[in-house]
Amino acid sequence: MADNHPPATEPEATTSLAKSFEDRMSLPDDKKSTNGAIEKKSAIGANPQANTFTPSNFSWADEVATPIQESSKQADMGKSDSASKADTDAVSHSLNSAQTDGATSWLNGSGLDEPEFDVNVKLADLQDDPNNPLYSAKSFDDLNLRQELLRGLAVMGFNKPSKIQERALPLLLKNPPQNLIGQSQSGTGKTAAFVLNMLSRIDLGTKTPQTLVLAPTRELAKQIAGVATIMGTFMAETGLQIAEAIPQSIARGQTLQGQVVVGTPGTVMDMVKRRQLDVRGIKVLTLDEADNMLDMQGMGEQCQRVLNLLPKNIQVVLFSATFPPEVMTFADRFAPNSNQITLEVEKLTVKGIKQMYLDCPADEDKYSALVKFYGLMTVASSIIFVHRRDTAVELESRLTREGHKVAMLTGGLEGQERDRVFQAFRSGAAKVLITTNVLSRGIDVQTVTMVINYDIPETVGGRPDFETYLHRIGRTGRFGRTGAALSFVHDKKSWTNLMAICNHFGVEPMKLETGDWDEVERKLKAIMKNERNNKAQHLQQGPSKKAEETMVD
Ligand SMILES: Nc1ncnc2c1ncn2[C@@H]1O[C@H](COP(=O)(O)OP(=O)(O)OP(=O)(O)O)[C@@H](O)[C@H]1O
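Worth saying up front: this structure is predicted, and the values here are computed from it rather than measured.

1. What to know about the pairing of strand β2 (residues 211-214)
Look at any regular strand and the pattern is simple: side chains alternate between the two faces of the sheet. Here β2 shows a buried face lined by Thr 211 and Val 213 and a second buried face lined by Leu 212 and Leu 214. Pairing analysis gives four bridges linking β2 to strand β4 (residues 260-263), with the strands arranged parallel. Bridging from a neighbouring strand, Leu 214 pairs with Gly 263 of β4. Two strands pair when backbone bridges link them, and β2 and strand β5 (residues 284-288) are joined in this way by four bridges, in the parallel orientation. Directly across from Val 213, in β5, lies its bridge partner Thr 286.

In structure tokens:
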């Protein structure tokens, strides 16, 4: 695969073929260093908390709505509604070994100390609105989960299931087990749905692998393993073990032990071939980001080969926010006779994400526009997506040379370096991450309030890449938070592709122009103000009585 044509997500297996440029680049530690103060106000990567909030210095971070604040309130109280102190301590212990974000903010994982705002939308309000994907009519207690899992959910602060969790769990947990294809918007809790299914189905009497999750990247595999570790804290007492099947996770000659295995398909294949992974006891196979995993131009063949190695008649579970029609046929074959929860394309965009685009005169103007844009506001954490690895490297060196503090991760980096960079970003030590599509899917870092499409996502053939756009912007606005996505256009092709993407999802992005930065600032403030008013109205009126189901079986 040529370096300038990365696939939608760079699979592990292809990274060694395409890293010549980065291989030559030395990335000294000081570039990635996560300490060191940034004096310049609103510089890229500067800590927003270092700036004083004034009306003219508004912050996107302020717009991270109250799920976080609500969470920190729980932290103040020392525990969530139904979790005991002992349970909380047990989960804190799990956190030491798990890489996760999602549930951990109230345990000081990634909580933001946000300035207070006049209007607060609580997660509870969103979850009471039947039009919201986070809505549920049921509680976790109604879902027949084992007690240990209910305790895990309680300390994680999961008070109520989201719509996908409420709908998928009864289908997943039914016996005899049935296959499932599940779709819901980004950041609506698909991971918990499939992790709860796996943890409900394992036998703790043996350490042999019983459930296998495949994910497209090491970061996502580690994140899922982290969620399973925390959710299963109280099953660990009776023998639960979670194992990662990613490059270098175990030494040669060692075998993987654990009822739950989470890995990338290439490494899983290798481990099975080397007899490091015994798959004879597997009874559930889950594919996260399933449309990407089943894409025949990507990992489809590998996943099929893994499936062929597993026992017959296992439960196959496929989850993603997107299932384009061309993949759906294969998905049906991969998970035959499945129950299906799907979404209409217009329902796919997350309402809390404000979409904008910046009209740049030419490609070479994008860089100065980026710097200028960051200068207008403080951002909690942000991700800048580029198309090519060499663009990522170039952007990182240029910004670093000019005193901005940024981190960079592409599939061209070695595994341990990837872990180090990503951990720095996850922990908040690095505020700006430049990356390719390798991190476009699944990654859950709650502090991300801004996603920048420095390059509009396109397929190998140069066509608009609808799915990648949706997954990229879905790195913000997670589980009821608000966020913003800004796409850069600089010529006819990038503009046409962006418009095609927006038409596809039925959204109207707001246009910003580089000719008049005062106007850009004014528009940004207006959009944020509007958002606050909408929330205020929503809270005054309460949820709409004409509830319209957003999911169809
Ligand atoms: N019931 C719940 N209550 C509160 N928070 C939840 C609940 N379920 C999930 N979350 C949180 O929501 C966030 C998003 O969840 P998750 O990563 O599973 O989303 P996803 O649907 O898999 O997204 P993507 O499509 O991007 O992969 C996480 O931070 C998770 O901890």
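2. Some words on the sheet that holds strand β10 (residues 407-409)
Pairing in this open sheet of seven strands is parallel, and the strands run β10-β11-β9-β12-β13-β8-β14 from one edge to the other. This sheet does not close on itself; its edge strands, each paired only once, are β10 and β14 (510-513). Between one strand and the next, the sheet's axes are offset by a mean angle of 25°, whatever the strand orientation. The sheet contact formed by strand β8 (residues 353-359) and β14 spans four bridges and is parallel. Across the sheet, Asp 359 pairs through a bridge with Glu 513, a residue of β14.

3. Thoughts on the UniProt feature "domain: Helicase ATP-binding" (unreviewed entry) in the chain
Following the UniProt record, the feature "domain: Helicase ATP-binding" (unreviewed entry) maps to residues 171-341 here. Each end of residues 171-341 is marked by a C-alpha atom, and these two atoms are 10 Å apart; helix forms 39% of the span and strand 18%.

4. Here's the deal with the pairing of strand β12 (residues 448-453)
Buried residues dominate β12, accounting for six of its six residues. Pairing of strand β9 (residues 381-385) with β12, which is carried by five bridges, proceeds in the parallel orientation. Counted as the bridge partner of Ser 381 is Val 448 from β12. As judged from the four bridges shared by β12 and strand β13 (residues 483-489), these two strands associate in the parallel manner. Counted as the bridge partner of Met 450 is Ala 484 from β13. In terms of handedness, the path from β12 via helix α19 (residues 466-473) over to β13 forms a crossover that is right-handed.

5. Here's the deal with the nonpolar core
Of all hydrophobic cores here, the largest spans 127 residues; its most connected members are Ala 228, Met 231, Val 262 and Leu 318. Of the residues forming this core, the biggest block, eight residues, is contributed by helix α10 (residues 218-231). Apart from residues lying up to four places away in sequence, Val 262 is in contact with Val 213, Ala 215, Ala 221, Ile 224, Ala 225, Ala 228, Ile 242, Glu 244 and Ala 245. The next biggest cluster of nonpolar side chains, apart from the first, holds five residues, and it includes Leu 123, Leu 126, Tyr 135 and Phe 479.

6. Topic: the sheet that holds β2
What the seven strands build is an open sheet, ordered β3-β4-β2-β5-β6-β1-β7; its pairing is parallel. Two strands in the sheet have a free side with no partner beyond their single neighbour: β3 (242-245) and β7 (339-341). Averaged over all pairs of adjacent strands, the angle between their axes in this sheet comes to 15°, without regard to strand direction. Two elements, strand β1 (residues 180-183) and β7, share three bridges in a ladder whose sense is parallel.

7. Examining helix α16 (residues 366-376)
Buried within α16 are the following residues: Lys 366, Ala 369, Leu 370, Phe 373 and Tyr 374. Down the axis of α16, the buried side of the element spans an arc of 130°, and every buried residue falls inside it. Contact partners of the buried residues in α16: β8 and β13.

8. Notes on the packing of helix α9 (residues 190-201) against α10
Direction vectors running N to C along α9 and α10 enclose 60°, while the axes themselves pass 10 Å from each other. With respect to α10, the element α9 is oriented oblique. Crossing of α9 against α10: the hand is right-handed. Across the interface between the two elements, Thr 191, Ala 192, Val 195, Leu 196 and Leu 199 of α9 pack against Ile 224, Val 227, Ala 228 and Met 231 of α10. The class makeup of the residues in the contact of α9 with α10 is eight nonpolar, one polar and no charged.

Cut-offs and rules
Residues numbered from 1 in each chain as written. Predicted model: local features only at pLDDT ≥ 70, side-chain atom pairs only at ≥ 80, totals over all residues. Buried ≥ 20, exposed ≤ 12 C-beta atoms within 10 Å, placed from the backbone. Helix = DSSP H or I, 4+ residues; strand = E, 2+ residues; numbered from the N terminus. Pairing = 2+ DSSP bridges. Axes fitted to C-alpha atoms, helices over the stretch in contact; angles between N-to-C directions. UniProt positions renumbered as here; feature names shortened; annotations may be inferred. Right-handed = clockwise from strand over helix to strand, strands pointing away. Core = buried A, V, L, I, M, F, W, Y, C linked by C-beta atoms within 7 Å. Contact = placed C-beta atoms within 7 Å. Arc of directions from axis to C-beta. Parallel < 35°, antiparallel > 145°, perpendicular 65-115°, else oblique. Left-handed = near helix turned anticlockwise from the far one by under 90°. Nonpolar A, V, L, I, M, F, W, Y, C, P; charged D, E, K, R; others polar.

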